[in-house]
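Chain by chain, the residues:
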Amino acid sequence: MEVKHPRAQLQGCPVQAGDPGPCDSVKSLLLEWARDWGDAIPLPPFQRINPAAPGATAAPRTMAPLRLWLSILTGLLGTWAQEDLYRKVFVFRNDPSDAYVVLRVSPAQPLLNFTVCLRSYTDLTRPHSLFSYATKAQDNEILLFKPRPGEYRFYVGGKFVTFRVPESRGDWEHVCAGWESGTGVAEFWLDGKPWPRKGLQRGYAVGPEAAVLLGQEQDAFGGGFDVYNSFSGELADVYLWDTVLSPDRMRAAFQSLRLPPALLAWSSLSYSIKGDVVVKPRLRAALGV
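What comes next concerns the included structure. What you see is a predicted model; the values in this text were computed from it and never measured.

**Comments concerning unusual backbone geometry**
Right, on to step 1. For the peptide bond that leads from D95 to P96, omega is -5 degrees, which places it in the cis range.
Right, on to step 2. Note on placement: P96 falls in the loop between β2 (88-92) and β3 (100-103).
Right, on to step 3. Its identity is not glycine, yet R87 carries a phi of approximately 60 degrees, on the positive side.
Right, on to step 4. With respect to the helices, strands and loops of the structure, R87 is situated in the loop between β1 (81-83) and β2.
Right, on to step 5. Residue classification places R87 among the partly exposed positions, given a relative accessible area of 46%.
Right, on to step 6. Phi is positive for Q201, which is not a glycine, with a value near 55 degrees.

**Some details on the pairing of strand β14 (residues 233-241)**
Right, on to step 1. Taken across its 9 residues, β14 has 9 buried, putting it largely inside the fold.
Right, on to step 2. Bridge count for β2 against β14 is 3 bridges, and the pairing is antiparallel. Following the sheet pairing, F92 is matched in β14 by G233.
Right, on to step 3. As paired elements, strand β4 (residues 113-121) and β14 share 6 bridges and run antiparallel to each other. Within the sheet, the bridge partner assigned to V116 lies in β14 and is L240.

**Structural notes on helix α3 (residues 247-254)**
Right, on to step 1. Those residues of α3 that fall on the buried side of the exposure criterion are M250, A252 and A253. Each buried residue of α3 lies within a common arc of 160 degrees when the element is viewed along its axis, so the set occupies one face.
Right, on to step 2. Buried residues belonging to α3 abut β4, β9 (173-180) and β10 (185-190).
Right, on to step 3. One or two residues past the end of α3 sits S256, with phi positive at roughly 55 degrees.

**Quick look at the nonpolar core**
Right, on to step 1. Formed by 57 residues in total, the largest nonpolar core has its most connected members in F90, F114, F131 and F154.
Right, on to step 2. Broken down by element, the residue count for this core peaks at 6 residues, all from β14.

**A short note on the side chain of E151**
Right, on to step 1. Tracing the backbone shows E151 in strand β7 (residues 151-156).
Right, on to step 2. Accessibility expressed as a relative area gives 7% for E151, which makes it buried.
Right, on to step 3. Within the structure, the side chain of E151 is placed 2.8 Å from the side chain of R148, a separation counted as a polar contact.
Right, on to step 4. Excluding its chain neighbours within four sequence positions, the residues that come into contact with E151 are F145, K146, T162, F163, R164 and V165.

**Concerning the environment of P149**
Right, on to step 1. Its location among the elements puts P149 in the loop between β6 (142-148) and β7.
Right, on to step 2. The spacing of P149 and R164 is 15 residues in sequence and 9.1 Å in space, taken between C-alpha atoms.

What counts, and at which threshold
- Residues numbered from 1 in each chain as written.
- Predicted model: local features only at pLDDT ≥ 70, side-chain atom pairs only at ≥ 80, totals over all residues.
- Heavy atoms only, no water.
- Helix = DSSP H or I, 4+ residues; strand = E, 2+ residues; numbered from the N terminus.
- Buried < 20%, exposed > 50% of the residue type's maximum accessible area, 1.4 Å probe, protein only.
- Pairing = 2+ DSSP bridges.
- Arc of directions from axis to C-beta.
- Contact = heavy atoms within 4.5 Å.
- Core = buried A, V, L, I, M, F, W, Y, C linked by side-chain atoms within 4.5 Å.
- Polar contact = N/O pair within 3.5 Å; in protein donor to acceptor, adjacent residues only side chain to side chain.

What follows is the structure, given as structure tokens:
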């Protein structure tokens, strides 16, 4: 019986930002193959150990294949984590930066309504992206962007409205932006308070197959970054719902109270870090404030 090498299965198996991966089945195949075939997996010549070489120690061949295939999986599929990030933050350490965080989300159908919320802490005065949701058809499908202190831009389908707010006094800022296709009404909330609503993209539908990133603005699906639009600082409490939240729930999001199930939830976030970003306890939580 012919045993087909799993690497032959990897052709045409792309892994793109935000894509849960057509390669999930390949991951399972590799793990099963490494477990079942053990010593039958040939190691590349550069990983063979010559027992006759001075000081050489032969490694058990039953472990080497597993390490080999795990390294292949890490390189091909990336590393995803899923956890409750309550009282934790993403720290984007560099300015400017090429780092970002990919979020895994797969709406079942186009979004005709949504709310996105997050909390940011930065001393940047240059333009920077906070939340970027891109499809292959539209790179600014959903975008929260801050071009300068005291101003936010909220994009839907490549068009935007501007909300002018008081300049930050060096504290966290919590923002929520909601949009409904039927009326084209866009809402913006800052620290639990609503700003005057505006009109945006009435009748539009947000595409469901998306790359969702924190820390970079996408000028192409999953890429096309300008480091001078990158984020530097701390991000937390990221949520995306497929509905416009009620005023009470907008305020609950600001207060970190119990929230309805979401497409993206900080309490069960599936993410992959790319570059110099670390997860740390939120300083206020650590101080008990």
